[in-house]
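Survey of secondary and tertiary structure
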Amino acid sequence: MFKRPEEILLMLLGAVFVIITYFLAGWATNASLKYTLMISGFTLIWAIAFFWLWTKERAFRYYPVLLGLFVACWCPWLDW
């Protein structure tokens, strides 16, 4: 792990993406802590899975599944 400089850059971009998702989820759910943390946690798990697949050079093979899982990260927002 972290054998290439691209891995560090992708890890930093993933962290920024999760932070931005946290703020967007807080805004979208009107700052409901439960849903904000659920969306951010699911996005963090998704980002870790994407990073792991990317290091194995399989991320682009499974991109439809990854896009579907990213949409599923926001499904707690639809819980009404």
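You'll find the structure just up there.
None of these values were measured; they are calculated from a predicted model. (Residues numbered from 1 in each chain as written. Predicted model: local features only at pLDDT ≥ 70, side-chain atom pairs only at ≥ 80, totals over all residues. Heavy atoms only, no water.)

When helices and strands are counted, the chain shows 3 helices and 0 strands. Secondary structure elements of the chain occur, N-terminal to C-terminal, as α-α-α. For the chain, the spread of C-alpha atoms along the three principal axes comes to 40 × 25 × 15 Å. Counting all 80 residues of the chain, 26% fall into the buried class. One way to put it: in the chain the 6 positive side-chain charges average out to a point 7 Å from where the 4 negative ones average out. (Helix = DSSP H or I, 4+ residues; strand = E, 2+ residues; numbered from the N terminus. Buried < 20%, exposed > 50% of the residue type's maximum accessible area, 1.4 Å probe, protein only. Lys, Arg positive; Asp, Glu negative; His and termini not counted. Charge placed at Lys NZ, Arg CZ, Asp CG, Glu CD.)

Glancing now at the pattern of salt bridges. Scanning the model with the defined rule gives 2 salt bridges in all. Between Glu-6 and Arg-4 there is a salt bridge, and its shortest N-O distance comes to 3.9 Å. Accessibility expressed as a relative area gives 30% for Arg-4, which makes it partly exposed. The salt bridge partner of Glu-7 is Arg-4, with a shortest N-O separation of 3.7 Å. Through salt bridges with shared partners, a single network forms among Arg-4, Glu-6 and Glu-7. (Salt bridge = Lys/Arg side-chain N within 4 Å of Asp/Glu carboxyl O.)

This part covers helix 1 (residues 5–28). Every α-helix winds through 3.6 residues per turn, so residues three or four apart in the chain are directed the same way. The end-to-end C-alpha distance of helix 1, which contains 24 residues, comes to 34 Å, matching closely the 34 Å that a straight helix rising 1.5 Å per residue would cover. Those residues of helix 1 not exposed but buried are Glu-7, Val-18, Thr-21, Ala-25 and Gly-26. Buried residues in helix 1 make contact with helix 2 (33–55). (Expected span 1.5 Å × (residues − 1). Contact = heavy atoms within 4.5 Å.)

Residue placement: Ser-40 occurs in helix 2. The class of Ser-40 is buried, set by a relative accessible area of 8%. What Ser-40 contacts, discounting residues up to four positions off in sequence, is Val-18, Thr-21 and Tyr-22.

Moving on: the environment of Tyr-62. Mapped onto the elements of the fold, Tyr-62 is located in the loop between helix 2 and helix 3 (63–73). Assessed through its relative accessible area of 35%, Tyr-62 is described here as partly exposed. A C-alpha to C-alpha distance of 18 Å links Tyr-62 and Gly-14, two positions 48 residues apart in sequence.

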